[in-house]
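Structural description and commentary
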Amino acid sequence: MIEANKFRLGLFVLIGIALFLACLFVFGLSDMFTKKARFVSVFRESVQGLNIGSSVKYKGVPVGTVKKISILVDEKLILVDMDIDLSFFTTGKSKVQGNLLQKFYQFCRSERDKGLRCRLEYAGITGLKFVEIDYFAQPGEPVAIPRPDYLRKDVFYVPSSPGVFSDILKLINVSLERISKIDFENISNQMSSTLGEMKKIVSDPKLKKAIEQLKNMSSNLEKSSESIAKVLTEKRLRQIFNRVEDSLNSLDALAKRVTSQLGQAKLPATSKAFREAAESVNDTKQMLGNTLMKLDQAIDALTELVNYLNDDPSSLLKGKKKPKIDFPEPQKK
Amino acid sequence: MSIFSEENVFNDFIEKIGKAAQKICKDMRDLTLLVGDITRTSWYVIKHPSKLRWRDVGYYMDLCGSQALPIVIMICFLMGLILAFQAAVQARKFGGEIFVADAVGFSILKELGPLMVAMIATGRAGSAFAAEIGTMKVNEEISALETMGFSPTRFLVIPKLVAMLIAMPVLTVFGDVSGLFGGFIVGITMLGLPGMAYYTRTIAVLHPSTMALGLIKSIVFGILIAIVGCLRGFQSESDAQGVGRSTTSSVVTSIFMIVIADSVLTMLYTFLGY
């Protein structure tokens, strides 16, 4: 009989066993040597999609797995046991002094008071769920489901928070309930009567005429806007704006100049002089008035003289006639 | 009356069914006898390990194990590659490329790894066992052993069985690892997944029990291959053509039995919740 190649056979067996052990170690046997904490939570909602081995995540970091799912018959609640790998939690210090598990539970207890809760979340579109541990409640907020008394002392109870999906369902149910209370028949009747009224209004000839007028107005407006657009081309507008700007600049300069000149004008003195001048003008005006009155009298006298001379040129030599006295005639009897 | 008359055809059909049933009954009887003899001899060998021909065990382990290693690694690697390709085509439609790691991991470790190794072992070891024992029967070596008072089962069957019991799980481990590597290659090249992400996903979804289930299957397949190979060898007719027929029959029967055993085990695992 042909002998076996002992070296090849030995190599085959040894490498096979080494691979087997390596695979066992890689596929989870190493978990046996890691330190774990046991979290327990109780859910009121359905845990469909959550299986033994489903992920447990703390703020999205997979820190453990679901170990057991059981039903609390009396309370009709679902009890979920989770294993949490402590190696995921670090303090930044090289080594934590004392009992690591106790310190971890202490940390979790303080975080629970700050609102640490666990919630069921969907892992994609497949319907599978995982447990998300995060701060879903406000600090100091009372827990929805208190810790059951019969839970073991060495497990840490994390209160649950309703999942997003259950919230949506609740919202939908409330919405549907509210919708069902709406009196659709009455609304429908009101709407139909309103529609009838509206139909009457719409078929009113006055409205048609108003619409026609509006149409005309709008066409006129359109034409006007077209004309304006033609006149006020962009170039033109720019020119106008430039001119306006120039004018404003000039106005600004003028105002500055006026301000400076007003500053230089010595207003009190000028106004005093102006007042004095006004007074003197006033006196002059009065004198001029007197003069003019006298001149007027003189002109009148002169005109009278000229008229007299015209009537009686000889008076220039004879002098002025004495006024003829007309005596009244005696009344005939 | 014509030989193709309706009555003759019917009689031939009934006769064929009868012969097939008789053959099946004979096979079952031989198998039961062989299993009984193996059980009795195994108990004897367990009590007296030195009575086992360990040199023969080594030879068959080398023949069925280490010599079959290259072909097992290559076929399982390609199987992982193909599986990942097919899974990737479907998973891509839903943006679930990472789930290719799940598909490849579970399929290779629980199903395809042990099955492909069993198919290769059937072709190599099962046929070799049948041909060897058949040839010995032709040469009347088995009759000589019996005449001298030696148990042919202890000398010829138990070493093969022990060799298969050891070699099959080891081969399956190699097959599993190479199949996973095939999937890994597709994951990082075709799907563009980061190597660490694929690796992390694979070890996240696989469990030591997954591998153990596959190894249990491989042990069952090894036992089947050894028993069927030896049975067909003992049933071999005493001529060269008979040896050829028994060899072919051993391969066909082994594959059939492996598929049935695989189905039964898969159903059993499902019932047990694995």
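Within each chain, residue numbers correspond to sequence positions counted from 1 in written order. Both sets of labels track the order of writing: A upward for chains, 1 upward for ligands. A pLDDT threshold of at least 70 governs which residues receive local features in this predicted model, and a stricter bar of 80 or more applies before side-chain atom pairs are shown or counted, although totals over entire chains, interfaces and linings include all residues. The side-chain figures draw on all heavy atoms in the structure; neither hydrogens nor water molecules are used.

Section: the overall build of chain B
A count of helical and extended segments in chain B gives nine helices and zero strands. The 274 residues of chain B split such that 47% are buried. The contact definition used throughout considers only heavy atoms, calling two residues in contact when any of these lie within 4.5 Å. In chain B, of all internal contacts separated by at least 6 residues, the share reaching a separation of at least 24 is 85%. To measure how exposed things are, a 1.4 Å probe is used in the Shrake-Rupley method; for residues, cover is taken only from the protein chains shown. Looking at chain B as shown, the accessible area adds up to about 13,600 Å², and 70% of this sits on carbon and sulfur atoms. This count recognises Lys and Arg as positive and Asp and Glu as negative, with His and chain-terminal groups excluded. Charge coordinates come from a single atom per side chain, which is NZ of Lys, CZ of Arg, CG of Asp or CD of Glu. Within chain B, the 20 negative side-chain charges are centred at a point lying 7 Å from the centre of the 21 positive side-chain charges. A run of DSSP states H or I qualifies as a helix once it reaches four residues; a run of E qualifies as a strand once it reaches two. Both are numbered from the N-terminal end. We call a residue buried when its accessible area falls under 20% of the maximum for its residue type, exposed when it is over 50%, and partly exposed in between, using a 1.4 Å probe and counting protein chains only.

A closer look at the packing of aromatic side chains
All names here are of chain A. Think of it this way: a Phe, Tyr or Trp ring, Trp meaning its six-membered ring, pairs with another when their centres are within 6.5 Å, and the plane angle makes it stacked under 30 degrees, edge-to-face over 60, tilted otherwise. Using the criterion set out here, one finds 14 aromatic pairs over all chains in the structure. With centroids separated by 5.2 Å and ring planes inclined at 45°, the aromatic side chains of phenylalanine 39 and phenylalanine 156 adopt a geometry described as tilted. Of this pair, phenylalanine 39 sits in strand 1 (residues 36–43) while phenylalanine 156 sits in strand 7 (residues 156–157), placing them 117 residues apart in sequence. Of the two residues, phenylalanine 39 and phenylalanine 156, neither departs from the other in class, the shared state being buried. Grouping aromatic residues by their ring pairs yields a cluster made of Phe39, Tyr58, Phe89, Phe104, Tyr105, Phe107 and Phe156. Charge-over-ring placement is defined geometrically: NZ (Lys) or CZ (Arg) within 6 Å of the ring centre, and within 35 degrees of the ring normal. Taking NZ or CZ as reference, lysine 57 lies 4.3 Å from the ring centre of phenylalanine 130, over its face. When the ring centre of phenylalanine 136 is taken as origin, the NZ or CZ atom of arginine 119, which lies over that ring, is 4.1 Å away.

Some details on the pattern of salt bridges
Only one rule defines a salt bridge in this text: a Lys or Arg side-chain nitrogen within 4 Å of an Asp or Glu carboxyl oxygen. Evaluated as defined, the whole model comprises 21 salt bridges over all chains. With its nearest N and O atoms 3.4 Å apart, the salt bridge here joins A:Lys114 to A:Glu111. The partner of B:Arg29 in a salt bridge is B:Asp30, with the nearest N and O atoms 3.6 Å apart. Looking at B:Asp30, the relative accessible area reads 14%, which means it is buried.

Some remarks on a nonpolar patch on the surface
Residue and element names in this part refer to chain A. Together, Ile228, Val231, Leu232, Ile240, Val244, Leu248, Leu251, Leu254, Val258, Leu262 and Leu267 make up a nonpolar patch on the protein surface, roughly 950 Å² of accessible area in all. Elements supplying a minimum of two residues to the nonpolar patch: helix 5 (205–231) and helix 6 (234–264). Sort the elements by how many residues they give to the nonpolar patch and helix 6 lands first, with seven residues. Tracing the backbone shows leucine 232 in the loop between helix 5 and helix 6. Patch construction takes residues with relative accessible area above 30% that form no salt bridge. Like charges are linked within 9 Å, and nonpolar side chains (Val, Leu, Ile, Met, Phe, Trp, Tyr) are linked within 5 Å.

Structural notes on the interface of chain B and chain A
With 27 residues of chain B in contact, the opposing surface of chain A contributes 20 residues. Taken together, the two surfaces of chain B and chain A that pack against each other cover about 2,100 Å², and 81% of this comes from carbon and sulfur. Once two parts are brought into contact, the accessible area they lose, counted with a 1.4 Å probe and summed over both, makes up the buried area. Its largest share of buried area at the contact with chain A, chain B owes to B:Tyr59, B:Phe174 and B:Pro208, together 24% of the area lost on that side. Our enumeration of links across chain B and chain A arrives at one salt bridge. The closest approach of N and O atoms between A:Arg8 and B:Asp62, which form a salt bridge, is 2.9 Å. In protein, a polar contact requires one atom able to donate a hydrogen and another able to accept it; more generally it is a pair of N or O atoms within 3.5 Å, and residues adjacent in sequence count only if both atoms are side-chain atoms. At the boundary of chain B with chain A, the tally comes to one residue pair in polar contact (both at pLDDT 80 or more).

A few points about the layout of surface pockets
Residue and element names in this part refer to chain B. Approximately 910 Å³ is the volume found for the second largest pocket. Buriedness for pockets is judged along seven lines, at least five of which must meet protein on both sides within 12 Å for an open set on the 1 Å grid over protein atoms alone, while cavities are sets there where a 1.4 Å probe fits but cannot get out, and lining residues have an atom within 4 Å of a point. Lining the second largest pocket are 31 residues, with Asp27, Asp30, Leu231, Arg232 and Gln235 sitting closest to its centre. A total of eleven residues in the lining of the second largest pocket trace back to one element, the largest contributor, which is helix 1 (residues 6–47). Each residue receives one of three labels: charged for Asp, Glu, Lys and Arg, nonpolar for Ala, Val, Leu, Ile, Met, Phe, Trp, Tyr, Cys and Pro, and polar for the others, Gly being one of them. Classifying every residue of the lining of the second largest pocket by side-chain character gives 13 nonpolar, eight polar and ten charged. Grid points are joined across faces, edges and corners, and a volume is the space filled by probe spheres set on the points.

Quick notes on unusual backbone geometry
Positive phi, close to 55°, is recorded for A:Lys76, a residue that is not glycine. Structurally, A:Lys76 can be placed in the loop between strand 3 (61–72) and strand 4 (77–85). A relative accessible area of 66% places A:Lys76 in the exposed class. A positive phi is found at B:Glu140, a non-glycine position, where the angle reads about 60°.

Regarding the side chain of B:Asp176
Residues and elements named next belong to chain B. Tracing the backbone through its elements, the reader meets aspartate 176 in helix 6 (residues 152–189). Buried charge aspartate 176 goes without a salt bridge, the closest partner of opposite sign being lysine 217 at 10 Å. Look past the residues within four positions of aspartate 176 in its chain and what remains in contact with it is Ile108, Leu109, Gly113, Pro114 and Met211.

Points about the nonpolar core
Only buried Ala, Val, Leu, Ile, Met, Phe, Trp, Tyr and Cys residues count toward a nonpolar core, and they belong to the same one when joined by side-chain atoms within 4.5 Å. Residues A:Phe12, B:Met164 and B:Met168 are the most contacted members of the largest nonpolar core, which totals 53 residues. Of the residues forming this core, the biggest block, 13 residues, is contributed by helix 6 of chain B. Excluding anything up to four places from it in sequence, B:Met164 contacts B:Cys64, B:Ala121, B:Ala125, B:Phe129, B:Pro169, B:Gly222, B:Ile225 and B:Ala226. Counting residues in each nonpolar core, the second largest holds 24 residues, with A:Val63, A:Ile78, A:Leu120 and A:Ile133 among its members.

A short note on the environment of A:Glu45
Along the chain, A:Glu45 turns up in the loop between strand 1 and strand 2 (55–58). On a C-alpha basis, the gap between A:Glu45 and A:Met217 in space is 65 Å, while along the polypeptide they are 172 residues apart.

With respect to the pairing of strand 4 of chain A
Residues and elements named next belong to chain A. When you tally the buried positions in strand 4, you get nine out of nine residues, the bulk of the element. With burial as the criterion, each face of strand 4 is covered, one bearing Leu77, Leu79, Asp81, Asp83 and Asp85 and the other bearing Ile78, Val80, Met82 and Ile84. In this scheme, strands are said to pair when DSSP sees at least two bridges between them. As defined by bridge partners, strand 1 adjoins strand 4 across eight bridges and the pair is classed as antiparallel. Looking across to strand 4, one finds that alanine 37 is bridged to isoleucine 84. Across eight bridges, strand 3 lies against strand 4 in antiparallel orientation. The residue bridging isoleucine 69 from the neighbouring strand is valine 80, located in strand 4. Here strand 3 folds back onto strand 4 in antiparallel fashion, the turn holding four residues, of which lysine 76 has a positive phi close to 55°.

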